[in-house]
Amino acid sequence: MRFLDSLRRLDAYPKIDNEFSIRTVSGAALTLISTIVIVTLVIGEINAYLSPNISEELFVDTTRGHKLQINLDFTIPRISCDYVSLDAQDSTGEQHLHIEHNIYKRRLDLQGNQIEEPKKEDIQASTKRVASTESPAPTTLKPACGSCYGAAKNVSQCCNTCQEVIDAYRERKWNPNVEDFEQCKNSNDGSVEGKAFSEGCHIYGTMEVNRVEGRFHIAPGKSFSINHIHVHDVQPYSSSRFNTTHRINTLSFGEQFEFGTTRPLDGLMVEATEGAMMFQYYIKIVPTMFVPLKGPTLYTNQFSVTKHQKSVTAMSGETGMPGIFVNYELSPLMVKFTEKQNSLGHFATNVCAIIGGIFTVAGIVDSVLFTSIHVIKRKIELGKAS
């Protein structure tokens, strides 16, 4: 018994008989409020515990062998798909080799409605042409087989439409002057003039290129290379005729995930205030690795962007060609996001701190209220209250 009596003296939670306890309305209100606050905070702690913690690291990128996946979705509302080319180049200006892509073009009317089903684009369709010193042989005759005006590859080749003459001149690397071609003078279908500016184009899809610095662009005209120089032929128009207004629906590099800035340009609408506008986007790509609690590691990219635009008309004195040009470079550093399970001990400590802290504070507040109310009542009873 003596041992139990000694042990009883260590009780830090002495009990009071019910007949000596006083229950008040203020105490009941504080109890309800404390319970609601405790339940709310405990639920928040449970959600925080069940949600993985994300840690972030920065280190030198030593990964090898990964391709760079480019996801793009552009709308050019004022230029026909027949007069828009998509080309991808490396940092030297040469076209990327062995591109795996899934790029499509969809014809749109000027209101943005689809005209026909999308068609797959050949982004390596640009051909290399050897410089030639030949000059076109002038002729004004138009035999039954339409003349190619000196640009025919052989005597049996015929150019019966304006477009066929222009294509023959392009193959020869000559500059066509459509005013000299009878086929263009007699063309009534408006296929060349009409479609170029009476339709829009929706370009979308993905392509995988080598993981090196490079660029891609969407520009009017048919593209080809002459002596390693990339050229866009916009004949029979001048570059100032093309309105390069565009909307970036999506632009990203790699797979999507919910952390970081992987798509800062999505939804950007850019208006060209005049013809022959050149829009340049300089992108800094930061390789990113995401290691989830379950599942394979995800390799993607975040990026920041700087935008520049200029007029490249003959009167402006600026060099370049109209279009949308995206230049990207890779950072040597990689960001790593890692999901980690929260500590059970940390969760238990937080729950105990919430419950104990709120009950302690509520007890102090209740004691102050009870004492204050009791003192005020005593003064009223003694008639000393002012």
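An unreviewed UniProt entry lists the protein chain under the name Endoplasmic reticulum-Golgi intermediate compartment protein 3, with Anopheles minimus as the source organism.

A.B. asks: Where do I start with the nonpolar core in this structure?
C.D. replies: Proteins that are soluble and globular tend to have nonpolar side chains buried together. Counting 38 residues, the largest nonpolar core has Ile70, Leu72, Ile203, Phe216, Leu251, Phe253 and Tyr328 as its most contacted members. For this core, the secondary-structure elements that each account for two or more residues are β2 (68-76), β3 (84-90), α5 (191-198), β7 (200-209), β8 (214-220), β11 (246-253), β13 (277-291) and β15 (323-330). Ranked by size, the runner-up nonpolar core spans 12 residues in total, among them Cys148, Ala151, Cys162 and Val165.

A.B. asks: Explanation requested: a nonpolar patch on the surface in the structure shown.
C.D. replies: A grouping of Phe3, Leu4, Leu7 and Leu10 is seen on the molecular surface, where their side chains present a nonpolar patch of about 460 Å² in accessible area. The class of Leu4 is partly exposed, set by a relative accessible area of 45%.

A.B. asks: Sorry if this is basic, but what is going on with empty space enclosed by the protein here?
C.D. replies: Left-over empty space is what a probe sized like a water molecule reveals as it rolls over the atoms. Counting across every chain of the model gives 1 cavity of 30 Å³ or more. Here the largest cavity defines a volume of roughly 40 Å³. Ile76, Ile79, Val84, Ile218, Ala219, Pro220, Thr244 and Ile324 are the residues that line the largest cavity. Considering every element that reaches the lining of the largest cavity, the biggest residue donor is β8, with 3 residues.

A.B. asks: How do you make sense of unusual backbone geometry when you look at a structure like this?
C.D. replies: The phi torsion of most residues other than glycine is negative, and most of the peptide bonds are trans. Notably, Tyr149 is not glycine yet its phi reads approximately 55 degrees, a positive angle. In this structure, Tyr149 sits in the loop between β6 (127-129) and α3 (162-172). The class of Tyr149 is buried, set by a relative accessible area of 3%. Phi is positive for Ala276, which is not a glycine, with a value near 55 degrees.

A.B. asks: Honestly, helix α6 (residues 344-382) in this entry has me stumped. Any pointers?
C.D. replies: One turn of the α-helix equals 3.6 residues, which is why residues spaced by three or four share an orientation. Compared with the 57 Å implied by 1.5 Å per residue over 39 residues, the 57 Å span of α6 between its first and last C-alpha is a close match. Of all the positions in α6, only Phe347, Asn350, Val351, Ile354, Ile358 and Ala362 are classed as buried. Turning to α6, the residues buried within the fold contact α2 (25-50). At the N-terminal end of α6, a side-chain oxygen is found 3.3 Å from the backbone nitrogen of Gly345, two or three residues along, and the residue is Ser343. Positive phi shows up at Gly383, right after α6, with a value of about 75 degrees.

A.B. asks: How should the packing of aromatic side chains be read in this particular structure?
C.D. replies: Between two aromatic rings, the relevant description is the distance of the centres plus the angle of the planes. Summed over all chains, the structure comprises 5 aromatic pairs. Plain terms: the ring middles of Tyr104 and Tyr204 are 6.0 Å apart, the flat faces sit at 20 degrees to each other, and that makes the pair stacked. Of this pair, Tyr104 sits in strand β4 (residues 100-108) while Tyr204 sits in strand β7; the two residues are 100 residues apart in sequence, bridging distant segments of the chain. On the accessibility criterion, Tyr104 (26% relative accessible area) is partly exposed. With relative accessibility at 21%, the residue Tyr204 sits in the partly exposed group. Each member of the aromatic cluster is reached from another via a ring pair, and the members are Phe253, Phe303 and Tyr328.

A.B. asks: Would you take a moment to explain the pattern of salt bridges for this structure?
C.D. replies: Opposite charge on two side chains makes pairing possible when the charged atoms of those side chains draw close. This structure, assessed with the given rule, holds 6 salt bridges. Measuring nitrogen to oxygen at the nearest pair gives 2.4 Å for the salt bridge that ties Glu199 to Arg107. Here Glu199 is found in the loop between α5 and β7, whereas its partner Arg107 is found in strand β4, with 92 residues between them in sequence. Take Glu199: its relative accessible area is 7%, and that puts it in the buried class. Note that Glu329 is salt-bridged to Lys284, the shortest N-O span being 3.7 Å. In this pair, Glu329 is assigned in strand β15 and Lys284 in strand β13, connecting sequence segments 45 residues apart. Judged by relative accessible area, Lys284 falls into the partly exposed class, the value being 33%. Residues joined by salt bridges that share partners form a network here, namely Arg107, Glu116, Lys119 and Glu199.

Cut-offs and rules
- The residue count restarts for each chain, going from 1 along the sequence in the order it is written.
- Predicted model: local features are reported for residues with pLDDT of at least 70 only, side-chain atom pairs are reported and counted for 80 or more only, and whole-chain, interface and lining totals are derived from all residues.
- Side-chain metrics rest on all non-hydrogen atoms present in the structure, leaving aside hydrogens and water.
- Here, nonpolar core refers to any group of buried Ala, Val, Leu, Ile, Met, Phe, Trp, Tyr and Cys residues whose side-chain atoms link them within 4.5 Å.
- Categorising residues by exposure relies on relative accessible area from a 1.4 Å probe, with only protein chains included: less than 20% of the type maximum marks a residue as buried, more than 50% marks it as exposed, and the intermediate range marks it as partly exposed.
- Here a helix means four or more residues in a row that DSSP labels H or I, a strand means two or more in a row labelled E, and each is numbered from the N terminus.
- What makes a patch is a set of residues exposed beyond 30% relative accessible area and free of salt bridges, joined within 9 Å when like-charged and within 5 Å when nonpolar (Val, Leu, Ile, Met, Phe, Trp, Tyr).
- Method for areas: the Shrake-Rupley scheme with a 1.4 Å probe, in which residue coverage is limited to the protein chains shown.
- The term salt bridge refers to a side-chain nitrogen of Lys or Arg lying within 4 Å of a carboxyl oxygen of Asp or Glu.
- The pocket and cavity definitions rest on a 1 Å grid over protein atoms only: a 1.4 Å probe that fits but cannot leave marks a cavity, an open set with protein on both sides within 12 Å along at least five of seven lines marks a pocket, and residues lining either have an atom within 4 Å of a point.
- Grid points are joined across faces, edges and corners, and a volume is the space filled by probe spheres set on the points.
- Given the number of residues in a helix, its expected span is that number minus one, multiplied by 1.5 Å.
- It only takes one pair of heavy atoms within 4.5 Å for two residues to be counted as in contact.
- For the purposes of these results, a polar contact is taken to be a pair of N or O atoms within 3.5 Å, where, inside protein, one atom must be able to donate a hydrogen and its partner to accept one; residues adjacent in sequence count only when each atom of the pair is a side-chain atom.
- Working definition: a ring pair exists when centres of Phe, Tyr or Trp rings (six-membered ring for Trp) sit within 6.5 Å. Plane angles under 30 degrees give stacked, over 60 give edge-to-face, the rest tilted.

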